Amino acid sequence: MEIKVNALVLKAVDYNENDKILTLLTAEYGKITAGIKGVKKPAAKLRFAAQPFCFAEYVLSEKSGKYTVINCSECESFFDLRTDICRFYAACAVIEAAAALTVEGEENADVFYGSVRALTKMCAGDDERAPLIEYLTFILGKSGYALSAGDCAVCGESLYAAEKMRFDMDTGTFTCFECGTGAGASRSTYHTLRKAEGKEYDEYFASADGEKRALRLIREYFSYKTENPLKSLSEYIRLI
Ligand SMILES: [Zn+2]
């Protein structure tokens, strides 16, 4: 049987002398694993199809539950994500998070389109930080780990002008400093996350420093919820 899927390469692992095993995030069937033959040979026609971030239409043949790529036509290689080390690690964080939060064979079109959208923004723009924060909060929300920079989750007071506050890892919410028991969080983290969530925010605090702090908080929260340390995000934070 042959199927046609729109897919993004999340991972490519060497297999045999010239083959690879791909982890594909597809729009139609969620995450699937597929072998691709001969792609390590320099002249291989489908070499491009086994590169991380490749977004393409794949034709797969299925035999007793195993998929093999038999053809591929590229939509977008996201080549520019490989020309800058910061962008590269930000893009790696996108696909690593997508791989961690999806389950093999479970349809997840939102995560697929969200991932493609984030890589497109990072590739086209000169700033990868804001798209990365937006993407990570989006994908966490879609996976049942919503993170929300709203009013105090305990008393309901607005935290917009609060100088001190806390973030609760269990609920993914902020509280007044006096109300909660989570670790202290900064105003810049809070306002940067509000910006990513499309809420009203204070420009002064949603700064470059705020973006770095917000990414640190997201990394802690992500690994707390999923037990996945999101290594490429750590590498990205070190670089910025
Ligand atoms: Zn409160």
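Residues numbered from 1 in each chain as written. Predicted model: local features only at pLDDT ≥ 70, side-chain atom pairs only at ≥ 80, totals over all residues. Heavy atoms only, no water.

Peer 1: Please provide a residue-by-residue account of the coordination of the zinc ion, values included.
Peer 2: Cys-152 (SG), Cys-155 (SG), Cys-176 (SG) and Cys-179 (SG) make up the full set of protein donors to the zinc ion, lying at 2.2 to 2.3 Å. Here the zinc ion is ringed by 4 donor atoms whose angles at the metal span 104 to 113 degrees, and the overall shape comes out tetrahedral. Considered as a linear motif, the donors of the zinc ion on their single chain read C-x2-C-x20-C-x2-C. With Cys-152 in the loop between α3 (129-142) and β6 (165-168) and Cys-176 in strand β7 (residues 173-176), this residue pair connects regions lying 24 residues apart in the sequence. The two residues Cys-152 and Cys-176 agree in class, both being buried. (Donors = N, O, S within 2.8 Å, 3.2 Å for Na, K, Ca; no water. Tetrahedral: all angles 85-135°; square planar, octahedral: opposite > 155°, others 65-115°. Helix = DSSP H or I, 4+ residues; strand = E, 2+ residues; numbered from the N terminus. Buried < 20%, exposed > 50% of the residue type's maximum accessible area, 1.4 Å probe, protein only.)

Peer 1: Kindly report on helix α1 (residues 85-101), identifying the contributing residues and their values.
Peer 2: Given a rise of 1.5 Å per residue, 17 residues ought to cover 24 Å, and the 24 Å separating the end C-alpha atoms of α1 matches this to within 8%. All of the buried residues along α1 are Cys-86, Arg-87, Ala-90, Ala-91, Cys-92, Ala-93, Val-94, Ile-95, Ala-97, Ala-98 and Leu-101. The elements touched by buried residues of α1 are β1 (2-15), β2 (19-26), α2 (109-124), α3, α5 (208-226) and α6 (231-239). Regarding α1, its N-cap is Asp-84, as a side-chain oxygen of that residue lies 3.0 Å from the backbone nitrogen of Cys-86 further along. (Expected span 1.5 Å × (residues − 1). Contact = heavy atoms within 4.5 Å. Polar contact = N/O pair within 3.5 Å; in protein donor to acceptor, adjacent residues only side chain to side chain.)

Peer 1: Account for the domain arrangement of the protein chain, with residues named and values stated.
Peer 2: Examined at the domain level, the protein chain breaks down into domain 1 (2-76) and domain 2 (80-239). Computed from C-alpha atoms alone, the centre-to-centre distance between domain 1 and domain 2 is 29 Å. Listed by partner, the interface residues are 18 residues for domain 1 and 22 residues for domain 2. Both sides of the domain 1 and domain 2 interface together cover about 1,600 Å² of buried area, and 68% of this is carbon and sulfur. The largest per-residue losses of area from domain 1 upon contact with domain 2 belong to Leu-25, Lys-31 and Phe-53, which jointly make up 43% of the total buried on that side. Looking at the side of domain 1 that touches domain 2, the elements with two or more residues in it are β1, β2 and β3 (30-36). (Domains from an automatic or database assignment. Buried area = accessible area lost by both parts, 1.4 Å probe.)

Peer 1: Would you mind going over the nonpolar core in detail, with residue names and values included?
Peer 2: Counting 55 residues, the largest nonpolar core has Leu-119, Leu-132 and Phe-174 as its most contacted members. The element best represented in this core is α1, accounting for 10 residues. Here this core gathers at least three residues from each of two domains, domain 1 (2-76) and domain 2 (80-239). When sequence neighbours within four positions are dropped, the list of residues in contact with Leu-119 reads Leu-8, Phe-53, Phe-78, Leu-81, Ala-91, Val-94 and Ile-95. Core analysis: the next-biggest nonpolar cluster, separate from the first, contains 19 residues, Val-5, Ala-7, Val-9 and Val-69 among them. (Core = buried A, V, L, I, M, F, W, Y, C linked by side-chain atoms within 4.5 Å.)

Peer 1: An account of the pattern of salt bridges is requested, with residue identities and associated values reported.
Peer 2: As enumerated under the stated definition, the model contains 9 salt bridges in all. Between Asp-14 and Lys-20 there is a salt bridge; the shortest N-O distance is 3.4 Å. Between Glu-197 and Lys-199 there is a salt bridge, with its nearest N and O atoms 2.3 Å apart. The class for Glu-197 is partly exposed, based on a relative accessible area of 24%. In this structure, a network of salt bridges that share partners links the residues Asp-14, Lys-20 and Lys-40. (Salt bridge = Lys/Arg side-chain N within 4 Å of Asp/Glu carboxyl O.)

Peer 1: Can you explain the packing of helix α4 (residues 187-196) against α5? Please cite residues and give values.
Peer 2: α5 packs onto α4 with a crossing angle of 85 degrees between their chain directions and a minimal axis gap of 8 Å. By the angle class used here, α4 and α5 are roughly perpendicular. From α4, Ser-188, Thr-189, Thr-192 and Leu-193 reach across to α5, where they touch Asp-209, Gly-210, Glu-211, Arg-213, Ala-214, Leu-217 and Ile-218. Grouping the constituent residues of the contact of α4 with α5 by class yields 4 nonpolar, 4 polar and 3 charged. (Axes fitted to C-alpha atoms, helices over the stretch in contact; angles between N-to-C directions. Parallel < 35°, antiparallel > 145°, perpendicular 65-115°, else oblique. Nonpolar A, V, L, I, M, F, W, Y, C, P; charged D, E, K, R; others polar.)

Peer 1: An account of the sheet that holds β1 is needed here, citing residue identities and associated values.
Peer 2: The strands that make up a sheet pair up through hydrogen bonds in the backbone, lying either parallel or antiparallel. If you trace the 5 strands once around the closed barrel, you get β1-β2-β3-β5-β4, paired in mixed fashion. Between one strand and the next, the sheet's axes are offset by a mean angle of 50 degrees, whatever the strand orientation. Pairing between β2 and β3: 7 bridges, direction antiparallel. When the bridges of β3 are listed, Lys-20 appears paired with Ile-36. In the packing of α1 onto the sheet, contacts are made with β1, β2 and β3, and the angle to β1 comes to roughly 110 degrees. (Pairing = 2+ DSSP bridges.)

Peer 1: Please provide a residue-by-residue account of the side chain of Lys-31, values included.
Peer 2: With respect to the element layout, Lys-31 can be found in strand β3. No salt bridge is formed by the buried Lys-31; the nearest opposite charge belongs to Glu-104, separated by 5.3 Å. Separated by 2.8 Å, the side chain of Lys-31 and the backbone oxygen of Ala-99 make a polar contact. Aside from chain neighbours lying at most four places away, what touches Lys-31 is Leu-10, Thr-23, Leu-24, Leu-25, Ala-99, Thr-102, Val-103, Glu-104, Gly-105 and Glu-106. (Lys, Arg positive; Asp, Glu negative; His and termini not counted.)

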